[in-house]
Amino acid sequence: MNPSLHSDGPRRTCVGCHTVDEQRALVRVTRDGEKLHVDDSCRRDGRGAYVHARSSCLSRATKGGFSRSFRTAIPGASITSIHQQILNVRSEGSNE
């Protein structure tokens, strides 16, 4: 077996780049009505989508990845808001 396919934790697919990565390397986003939320605890109810906190992944995710994952159109205001929330999570994580 290929040892690179095994990890110590769950693996998820980024809705931006479609790369499978460890769950802890991705940011979970959930939908509540028409609003998207960053789920830092990975415990919010409902469908979740995972994305890398990189500009390239966020750009692709906001252009269709989130809509595809949540199986509904996402309003532009929610896309803008979640993009900013994820960038904030990334900047907070780099200060640790």
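Since we're looking at a predicted model, the values are computed, not measured.

Each value, and the rule that gives it
- Residues numbered from 1 in each chain as written.
- Predicted model: local features only at pLDDT ≥ 70, side-chain atom pairs only at ≥ 80, totals over all residues.
- Heavy atoms only, no water.
- Pairing = 2+ DSSP bridges.
- Helix = DSSP H or I, 4+ residues; strand = E, 2+ residues; numbered from the N terminus.
- Axes fitted to C-alpha atoms, helices over the stretch in contact; angles between N-to-C directions.
- Contact = heavy atoms within 4.5 Å.
- Buried < 20%, exposed > 50% of the residue type's maximum accessible area, 1.4 Å probe, protein only.

Student: For this particular structure, what's the right way to read the sheet that holds strand β5 (residues 48-51)?
Tutor: Adjacent strands of a sheet pair through backbone hydrogen bonds, lying either parallel or antiparallel. Pairing in this open sheet of three strands is antiparallel, and the strands run β4-β3-β5 from one edge to the other. Each of the sheet's edge strands pairs with one partner strand only, and the pair in question is β4 (35-38) and β5. On average, adjacent strands in this sheet sit at an angle of 30° to one another, irrespective of strand direction. For strand β3 (residues 27-32) and β4, the ladder comprises four bridges, and the chain directions are antiparallel. Across the sheet, R31 pairs through a bridge with L36, a residue of β4. Here helix α1 (residues 55-70) sits on the sheet in contact with β3, β4 and β5, set at roughly 160° to β5.

Student: Would you mind going over unusual backbone geometry with me for this structure?
Tutor: Of note, C42 is a non-glycine position whose phi angle comes to about 60°, a positive value. Summarising the element assignment, C42 is placed in the loop between β4 and β5. Residue classification places C42 among the partly exposed residues on the basis of a relative accessible area of 33%. With a phi close to 55°, R71 is a non-glycine residue in the positive phi region. Relative to the helices and strands, R71 resides in the loop between α1 and α2 (76-94).

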